[in-house]
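Report on the structure
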Amino acid sequence: MTSATILSDLGTEILIPICAVIGILFSLFQWYLVSQVKLVAEKPDADGKNGFTESLIEEEEGVNDHTVVQKCAEIQNAISEGATSFLFTEYQYVGVFMVIFAVLIFVFLGSVEGFSTSSKTCTYDTTKMCKPALMTAVFSTVSFLLGAITSVVSGFLGMKIATYANARTTLEARKGVSKAFIVAFRSGAVMGFLLAANGLLVLYITINLFKIYYGDDWEGLFESITGYGLGGSSMALFGRVGGGIYTKAADVGADLVGKVERNIPEDDPRNPAVIADNVGDNVGDIAGMGSDLFGSYAESSCAALVVASISSFGNTHDFTSMMYPLTVSSVGIIVCLITTLFATDFFEVKTVKQIEPSLKNQLIISTVLMTIGIAIVSWIALPSSFTIFNFGTQKVVKNWQLFLCVCVGLWAGLVIGFVTEYYTSNAYSPVQDVADSCRTGAATNVIFGLALGYKSVIIPIFAIAISIFVSFTFAAMYGVAVAALGMLSTIATGLAIDAYGPISDNAGGIAEMAGMSHRIRERTDALDAAGNTTAAIGKGFAIGSAALVSLALFGAFVSRAEITTVDVLTPKVFIGLLVGAMLPYWFSAMTMKSVGKAALKMVEEVRRQFNTIPGLMEGTAKPDYATCVKISTDASIKEMIPPGALVMLTPLIVGIFFGVETLSGVLAGSLVSGVQIAISASNTGGAWDNAKKYIEAGVSEHAKSLGPKGSDPHKAAVIGDTIGDPLKDTSGPSLNILIKLMAVESLVFAPFFATHGGLLFKLF
């Protein structure tokens, strides 16, 4: 049936770890390059360094101004300390949760066979004996903890790198846009490669260690590996929600009092919430985003591995083709490495106009190169024909069909990225229309923005739908899982351009706070506006991949829970669909209200300081930044628990009381409605933000007619931007975790639900 692969098992065992190590080394090298920008005032004798004197260029920009460098270092220090202390506080709470949930996993999965230690017959192949359910419980718990720790570390390292690079970007901006762009982009790449390589390496090592115990029982082995995805995503949920509430409470508070009431610029050092706002960019957009994409990546790998373990790969114990998902990811690291060099070394960004195209080219180059990479991997790492488990039957698949499955996901990701860019970048008409509607006040701005968000859902949904149809037709659920992996295969580049946004945002804030010249602020603003769009593209990727991932996990869950068909016409399933579709709304309501409540406290505190601290507006007295940081921290820690509990408990409650059919309905419902809200929320917010930036920059005649800063249209734009903040940075991006997390959790607990679930229906 199956013919051998060109790449030997030994080749696979060498290739995957080597690619991961190359990724880690590359990120350390990029970090070394960033660290070459010094945060200490240069000594006067700087001429001998490059063999020529730079001091002439630097005089006019005030580069040799020691106080500026010192100020930048101080501000960076404050931001870094704030972010670190917040993450430590958050991880303490999340750590408690991890332990409780790990115990739950062990108890629930161990009780499937009544904690017996004897071998059982396998679920899919009844002729073989498999390891006891108790051991699967132990190993699932271990992989859950490993995934959780990897996720936390990824987020934390990302935050550390971003706070290390922000002031360095500001200082480089004195020498021109191109230097600043390279520092910001390189530090983004550090995060992207560290995360992609770490996730791959830890997963690969875990599989090999578990194999020592499981031996030939691959079904049990890969079932217990699913805990890795659950750990990754459950940490991401708290990181995303907590960080999102933190950053937006500060942002909304700073904007409403600073810009609208007091008419001072964004990131003005007189504004008490300004440090909290900049800390928020790092804990929400960087640490949260890092954990989020790591979770997607871990889950799509897990979904693919689970389905493969019960297909011909698993039955014939073909290690190379079994590891196909990991091989694709490791080639992705190499492809992204080449792509990164295009932005930093082959083509240099010289003017402001080249920033966005350069970041867009990153996506195109990585996608094109990755297509070639996938073709090679599919040719050498897969047999020419094999079978894939498809709801009880085995489906014959050719290797070129699997190649198409991965490509369809990869290209759908690019399409989603570009559509997102079209709807959120102020270079195109949608955002310009929104900006134009600010002439008549905030209400029309809000109406236009909402319409834009709803409209921006159309093409991404078609892209996701087509990729699902194609990949499912070719290779059943395995096809969908590898399509999700295809979308995430260029994760290192995606994360690099995504982390670039908050870093340049912070750089602008530091420039303003350190009192640097207007020209420098213009440069950092240009970097930041491009960063807003790339952040929206990153969110588009995260949402699109979440849809594919959760469908693949859904398929794995349905197979594992031994449901052959999910029939929408049965009441059990239909009520699940309705409730599932409602969950994203409930979840969004919680997160948005949390931001609103925290912002309210923040606004009151900022107003109080402006009214009671004498000399604050004149700039003679310093504001009390620490109180604002504390408000944000306390609010986000307190408010992240209820939405987190909602997501984590729903599958458990539904599975235990209503059984697997209703749960499959809930998963399908939440997937269908969650994707729509997530895309529209993040694009609406992104468009409002860039409409405001469009008016502020005043590049075109149209933009000039709308304002300088402080005009009525500009104030209307600020209000739109403030409404969009919780949409694009709290509820929108957290929703994709809701979709994935419920699916992966259901998959992990599937053996328990299948044997002991549905208590209420058993009573009647």
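Residues numbered from 1 in each chain as written. Predicted model: local features only at pLDDT ≥ 70, side-chain atom pairs only at ≥ 80, totals over all residues. Heavy atoms only, no water.

**Some remarks on the nonpolar core**
Cut-off, in case you're wondering: Joining through side-chain atoms within 4.5 Å is the link that ties buried Ala, Val, Leu, Ile, Met, Phe, Trp, Tyr and Cys residues into a set, and such a set is a nonpolar core. We call a residue buried when its accessible area falls under 20% of the maximum for its residue type, exposed when it is over 50%, and partly exposed in between, using a 1.4 Å probe and counting protein chains only. Numbering of helices and strands runs from the N terminus; a helix is a DSSP stretch of H or I covering at least four residues, while a strand is a stretch of E covering at least two. Only heavy atoms enter the contact rule, under which two residues are in contact if any of them lie within 4.5 Å.
The biggest cluster of nonpolar side chains holds 223 residues, and the ones touching the most others in it are Met323, Tyr324, Ile355 and Tyr478. When residues of this core are assigned to their parent elements, the largest contribution, 22 residues, is made by helix α5 (residues 177-214). In this structure Met323 touches Thr12, Ile16, Tyr204, Ile207, Phe222 and Leu305, once residues within four positions along its chain are discounted. Counting residues in each nonpolar core, the second largest holds 18 residues, with Cys438, Trp688, Leu706 and Leu727 among its members.

**Digging into the packing of α5 against helix α11 (residues 355-381)**
The following threshold applies: Each axis is a line fitted through C-alpha atoms, taken for helices only over the stretch in contact, and angles between the N-to-C directions span 0 to 180 degrees. Comment on the angle field: the value is read as roughly parallel under 35 degrees, roughly antiparallel over 145, roughly perpendicular from 65 to 115, and oblique elsewhere. A crossing counts as left-handed when the near helix is turned anticlockwise from the far one by less than a right angle, and as right-handed when that turn is clockwise. As a working rule, the residues Ala, Val, Leu, Ile, Met, Phe, Trp, Tyr, Cys and Pro are called nonpolar, Asp, Glu, Lys and Arg charged, and the rest polar, with Gly in that last group.
Their axes nearest at 12 Å, the elements α5 and α11 cross at an angle of 30°. Comparing the axis directions of α5 and α11 gives the class roughly parallel. α5 and α11 meet at a crossing whose hand is right-handed. Contact residues: α5 offers Val177, Phe181 and Phe185, while α11 offers Ile355, Ser358, Leu359 and Gln362. A per-class count over the contact of α5 with α11 returns five nonpolar, two polar and no charged.

**Observations concerning unusual backbone geometry**
In most cases, non-glycine residues show a negative phi, while peptide bonds are predominantly trans. At Asn263, a residue that is not glycine, the phi angle is positive and equals roughly 60°. The residue Asn263 is located in the loop between α6 (218-261) and α7 (274-309) in this model. Overall, Asn263 belongs to the partly exposed group, its relative accessible area being 48%. In this structure, His317 is a non-glycine residue whose phi angle is positive, near 50°. With respect to the element layout, His317 can be found in the loop between α8 (312-315) and α9 (319-322). On the accessibility criterion, His317 (25% relative accessible area) is partly exposed.

**As for the side chain of Ser111**
Assignment of secondary structure puts Ser111 in the loop between α3 (66-110) and β1 (120-121). The class for Ser111 is buried, based on a relative accessible area of 19%. Residues in contact with Ser111, not counting those within four places in the same chain, are Phe752 and His756.

**Digging into the pattern of salt bridges**
Rule in force here: In the sections that follow, a salt bridge refers to a side-chain nitrogen of Lys or Arg positioned within 4 Å of a carboxyl oxygen of Asp or Glu.
Following the criterion strictly, the structure yields 27 salt bridges and no others. Residues Asp725 and Lys728 are paired through a salt bridge, measuring 3.0 Å at the closest nitrogen-oxygen approach. Of this pair, Asp725 and Lys728 both sit in helix α22 (residues 712-756), three residues apart, which is roughly one turn of the helix. The residues Asp725 and Lys728 share a single accessibility class, namely buried.

**Here's the deal with the confidence of the model for the protein chain**
What counts is decided by this rule: A score between 0 and 100, pLDDT records how confident the predictor is in each residue.
Mean pLDDT over the protein chain: 87, with 96% of residues reaching 70 or higher. Within the protein chain, the element-level pLDDT minimum falls on helix α2 (residues 55-61), averaging 43, and the maximum on helix α14 (residues 442-455), averaging 95. This stretch, residues 44-60, has a pLDDT under 50; its non-local contacts, to residues over four places away or in other chains, come to ten contacts.

**Concerning a nonpolar patch on the surface**
To keep things clear, this is the line we draw: The patches reported here contain residues having more than 30% relative accessible area and no salt bridge. Joining distances are 9 Å for like charges and 5 Å for nonpolar side chains (Val, Leu, Ile, Met, Phe, Trp, Tyr). Here the open area of atoms and residues is found with the Shrake-Rupley method and a 1.4 Å probe, where only the protein chains shown may cover a residue.
A cluster of nonpolar residues, Val568, Phe574, Leu578, Val579, Met582 and Trp586, forms a patch on the protein surface that exposes about 540 Å² of accessible area. Residue classification places Phe574 among the partly exposed residues on the basis of a relative accessible area of 41%.

**Section: the state of the cysteines**
Filter applied, for reference: When two cysteine sulfur atoms are found within 2.5 Å, that pair is recorded as a disulfide.
According to the stated counting rule, one finds zero disulfides in the structure shown. For Cys405, which is in no disulfide, the shortest distance to another cysteine sulfur is to Cys407 and amounts to 9.4 Å. Since its relative accessible area comes to 0%, Cys405 is described here as buried.

**What to know about the layout of surface pockets**
Put simply, the rule is: Lining residues are those with an atom within 4 Å of a point, where the points come from a 1 Å grid over the protein atoms alone and group into cavities, where a 1.4 Å probe fits but cannot get out, or pockets, open sets with protein on both sides within 12 Å along at least five of seven lines. Grid points are joined across faces, edges and corners, and a volume is the space filled by probe spheres set on the points.
Its boundaries defined by the atoms lining it, the largest pocket holds a volume of some 1100 Å³. Lining of the largest pocket is provided by 34 residues; of these, Val352, Ala526, Ala529, Ala697 and Val699 occupy positions nearest its centre. Counting residues per element, the ones that place at least two in the lining of the largest pocket are α11, α16 (491-513), α17 (518-560) and α20 (641-697). If you tally residues by element for the lining of the largest pocket, the top one is α17, at nine residues. For the lining of the largest pocket, the per-class residue count stands at 14 nonpolar, seven polar and 13 charged.

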